[in-house]
Amino acid sequence: MSTLLPRALEPRAQEILDFSPVLTLEGARQVGKSTLAQMLAASRPATAITLDDPGAFAAARRDPRGFVDQAPDRTLIIDEIQRVPELTIAVKASVDRDRRPGRFILTGSSDLARVRGDKDSLAGRAMGLRMFPLSQAEADGSAPTTFVDRLLAAGTDLDSLHDAPAIDRHELIERVVRGGYPAIRNASPRLRSRWLSDYANHLLRVDAVEGGSRLNPGRLEAVLRLLAANQSGELVKARLAQEGALPASSVTAYLDALSRLYLVETLCPWSPNLTTREIGRPKVLVADSGLAARLMGITSAVLNNVVAGAKALGSLLEGFVVGELRAQQEWADTDYRLFHWRDRSGKEVDVVIELTDGSAIALEVKSARSLTARHFTGLDFLRERLGERLRAGIVLAPLDAPLRYAPGLWGLPVSVLWQ
């Protein structure tokens, strides 16, 4: 039996269980929600039931109140609660009768707010965490840290962020292509590719149409592959409809289904002026870089070709960075939100990390081994525009060592994100 990897979210989850009657763990299939719930159960009396079991599913549908009240003195773990969303109404009623902390852990592989059927939001009764595939520190078995917390602690001395040896380009590519699903972290490339193909196929042909959805699985797969081919690119719905042979009116429904299953992430456009934040197109990316590479038909051998693989590596690496930042967001001490930025004149920055005080950290992601002035163009422009509101402008790339380009502007190895 393989050893369970410690998850960075566990202390946060324990904290919530000691305070709130209900903890919800949501995220894509196979990211480790059930495993984390099992870890949490080890510290308290608990009963675990999965609604993927036909008997449990039937019992929950037949008698919701009896189902949620079956373990009055224990923590009841209900796995895959999106399969019987009406259970949330019974959970609400049970919590209103008894608000002791740690009564329920609910896991879901589909965004419950967008699942069809009668349900309750559990507002004021539940606190939630979003789970992602393994972060790089988790996959390495090292102590999880967060890039944003360490950067803010470092102040202006960003050299101190990277004490560990930089990883080379080949290792970085392997990490990007491997992705973060726990089940395949040690699998051979052949098995990993097969697993990822089957994973996407099952989600799109079973989970996506669960509950009576009329979406066409073949078209849904086409949309997902097109998004992967444009990994980290801006969303143009008209182009997506044309390339996917979809009615323009149905594109939003297909995108919503992929988002509901946590297969894709969205980066909204950012503006220093909050009143204009919604101007511009969002970026959409496949949430796991390994799955994105598989959908693109890209292997590590292709990416290691500096000519043929350059464009694909750039887009996959950007998605990889966003995925790492999103995972760390759930356990960071610093509250932050992720955006992208594009000026009307075409200047752009790949990722803007906005802090609660309105200041920001700007990131460019490049696959080049050496940096030139053009790599800092967007960051330099944003620095002039924001002044002291810009905490740092950073180009992340497969560098051997940190590079100070100008006051407030740095080039840093990508591995600074987790080392």
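Reference entry: report on the structure contained in this document. These figures come from a predicted structure and were not determined experimentally.

Basis of the calculations
Residues numbered from 1 in each chain as written. Predicted model: local features only at pLDDT ≥ 70, side-chain atom pairs only at ≥ 80, totals over all residues. Heavy atoms only, no water. Buried < 20%, exposed > 50% of the residue type's maximum accessible area, 1.4 Å probe, protein only. Helix = DSSP H or I, 4+ residues; strand = E, 2+ residues; numbered from the N terminus. Contact = heavy atoms within 4.5 Å. Pairing = 2+ DSSP bridges. Axes fitted to C-alpha atoms, helices over the stretch in contact; angles between N-to-C directions. Parallel < 35°, antiparallel > 145°, perpendicular 65-115°, else oblique. Left-handed = near helix turned anticlockwise from the far one by under 90°.

Observations regarding helix α8 (residues 169-178)
Right, so step 1: Here α8 has its buried residues at Arg169, Leu172, Ile173, Arg175, Val176 and Val177.
Right, so step 2: Where α8 ends, the next residue or the one after it, Gly179, has phi of about 70°, a positive value.

Quick look at the environment of Glu364
Right, so step 1: One can find Glu364 in strand β11 (residues 360-365).
Right, so step 2: Take Glu364: its relative accessible area is 6%, and that puts it in the buried class.
Right, so step 3: Sequence-wise, Glu364 and Leu51 are 313 residues apart; in three dimensions their C-alpha atoms are separated by 43 Å.
Right, so step 4: Apart from the residues within four sequence positions on either side, Glu364 is in contact with Glu348, Val349, Asp350, His375, Leu379, Ile394, Val395 and Leu396.

Considering the sheet that holds strand β3 (residues 75-79)
Right, so step 1: The strand order across the open sheet formed by five strands is β2-β3-β4-β1-β5, and the pairing between neighbours is parallel. Looking at strand neighbours, the two that pair on one side only are β2 (46-50) and β5 (126-130), the edges of this open sheet. The mean angle between the axes of side-by-side strands here comes to 15°, regardless of whether they run parallel or antiparallel.
Right, so step 2: Contacts between helix α5 (residues 87-97) and the sheet are confined to β1 (22-26), β3 and β4 (104-108), with β4 contributing the most and set at about 160° to the helix.

Structural notes on the packing of α8 against helix α15 (residues 310-329)
Right, so step 1: Two elements in contact, α8 and α15, have axes whose closest approach is 10 Å; the angle formed by their N-to-C orientations is 65°. When the axis of α8 is compared with that of α15, the two are roughly perpendicular. Between α8 and α15 lies a crossing whose hand is left-handed. Judged by residue contacts, Arg169, Leu172, Ile173, Arg175 and Val176 of α8 engage Leu313, Leu316, Leu317 and Phe320 from α15.

Quick look at the sheet that holds strand β13 (residues 403-406)
Right, so step 1: Taking strand neighbours across the sheet as the criterion, the nine strands line up as β6-β8-β7-β9-β10-β11-β12-β14-β13 in an open arrangement whose pairing is mixed. If you trace the sheet from one side to the other, it starts and ends with β6 (233-234) and β13, each paired once.
Right, so step 2: Sheet topology note: the strand β10 (residues 348-355)/β11 ladder contains four bridges and is antiparallel. Paired with Val352 across the two strands is Ala362, which belongs to β11.
Right, so step 3: Those strands touched by α15 are β7 (264-269), β8 (283-286), β9 (336-342), β10, β11 and β12 (390-397), and its axis lies near 155° from that of β9.
Right, so step 4: Sheet strands touched by helix α16 (residues 377-386): β9, β10, β11, β12, β13 and β14 (409-413). Its angle to β12, the strand with the most contacts, is close to 175°.

Topic: unusual backbone geometry
Right, so step 1: The residue Glu80 is not glycine, and still its phi comes out positive at about 60°.
Right, so step 2: The topology assignment puts Glu80 in the loop between β3 and α5.
Right, so step 3: Backbone geometry places Leu122, a non-glycine residue, at a positive phi of 60°.
Right, so step 4: Residue Leu122 is classed as buried on the basis of its relative accessible area of 4%.

Focus on the pairing of β9
Right, so step 1: In terms of residue burial, β9 counts as a mostly covered element, since five of its seven residues are buried.
Right, so step 2: Sheet topology places β7 next to β9; two bridges connect them, and they run parallel. Within β9, the residue paired with Cys268 across the bridge is Phe339.
Right, so step 3: The antiparallel hairpin formed by β9 and β10 contains five residues in its connecting segment, where Gly346 sits at a positive phi of about 105°.

Remarks on the environment of Leu246
Right, so step 1: Within the secondary structure layout, Leu246 lies in the loop between α11 (237-243) and α12 (251-260).
Right, so step 2: For Leu246, the contacting residues outside a window of four places in its chain are Arg219, Val223, Ala241, Val251 and Tyr254.

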